Amino acid sequence: MSERIIPDTEPDPYADFSAALRDEFSEIHPATTVTRCIEAAHYGALEVVGHAHPALVERIARKHLEVLALVASERG
């Protein structure tokens, strides 16, 4: 009888758009900044609406990254 291996962690529900955002903002922000924005968006969505649907988290994270890019461009 074969043994089933059950992973200790659940798959990342944000993996698809995380990679897309890292690619989209790669010339402006390091990957760590993108990850931090996704994490902040996740917790912000939980606090405001009580859940963190991936589409909502993506929209919030994208706005964070756009604002950070604007600030960076104004600083020169």
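Since this is a predicted model, take the numbers as computed values, not measurements.

**Q** Would you mind showing me how to read the overall build of the chain here?
**A** The helix and strand tally for the chain stands at three helices and zero strands. Expressed as a percentage of contacts within the chain between residues at least 6 apart in sequence, the contacts between residues at least 24 apart total 53%. With the model as given, the accessible surface of the chain reaches about 6000 Å², and the carbon-plus-sulfur share is 55%.

**Q** Explain the packing of aromatic side chains here, please?
**A** The geometry of an aromatic ring pair is captured by two quantities: the separation of the ring centres and the angle between the planes. Summed over the entire model, instances satisfying the criterion amount to one aromatic pair. Pairing Tyr14 with Phe17 gives two aromatic rings, centres 5.4 Å apart and planes at 50°, and the pair type is tilted. Phe17 carries the same exposure label as Tyr14, and that label is buried.

**Q** Please clarify how the pattern of salt bridges should be interpreted in this entry.
**A** Scanning the model with the defined rule gives three salt bridges in all. The salt bridge partner of Glu24 is Arg62, with a shortest N-O separation of 2.4 Å. On the criterion of sequence distance, the pair formed by Glu24 in helix H1 (residues 15–24) and Arg62 in helix H3 (residues 54–75) is long-range, its members being 38 residues apart. Looking at Glu24, the relative accessible area reads 44%, which means it is partly exposed. Of the charged contacts in the structure, one is a salt bridge between Arg62 and Glu58, with a shortest N-O distance of 3.0 Å.

**Q** I keep staring at the environment of Pro54 and nothing clicks. Help me out?
**A** Assignment of secondary structure puts Pro54 in helix H3. Assessed through its relative accessible area of 27%, Pro54 is described here as partly exposed. Note: C-alpha distance between Pro54 and Pro13 (41 residues apart in sequence) is 6.5 Å. Once residues within four sequence positions are removed from consideration, Pro54 is found in contact with Pro13, Tyr14 and Phe17.

Conventions used here
- For every chain, the first residue of its written sequence is number 1, and the numbers climb from 1 along that sequence.
- Predicted model: local features are reported for residues with pLDDT of at least 70 only, side-chain atom pairs are reported and counted for 80 or more only, and whole-chain, interface and lining totals are derived from all residues.
- No hydrogens and no water enter the side-chain calculation; it runs on all heavy atoms of the structure.
- Put simply, DSSP marks the helices as runs of H or I at least four residues long and the strands as runs of E at least two long, and each gets a number from the N terminus on.
- Any two residues whose heavy atoms approach within 4.5 Å are treated as being in contact.
- Surface accessibility follows the Shrake-Rupley procedure with a 1.4 Å probe radius. Residue values consider only the protein chains on display as shielding.
- Between the rings of Phe, Tyr and Trp (Trp by its six-membered ring), a pair exists once the centres lie within 6.5 Å; its type follows the angle of the planes, with under 30 degrees stacked, over 60 edge-to-face, and the other angles tilted.
- The rule is simple: take the accessible area with a 1.4 Å probe, protein chains only, and divide by the maximum for that residue type; under 20% is buried, over 50% is exposed, in between is partly exposed.
- Each salt bridge in this description consists of a side-chain nitrogen of Lys or Arg and a carboxyl oxygen of Asp or Glu lying within 4 Å of one another.

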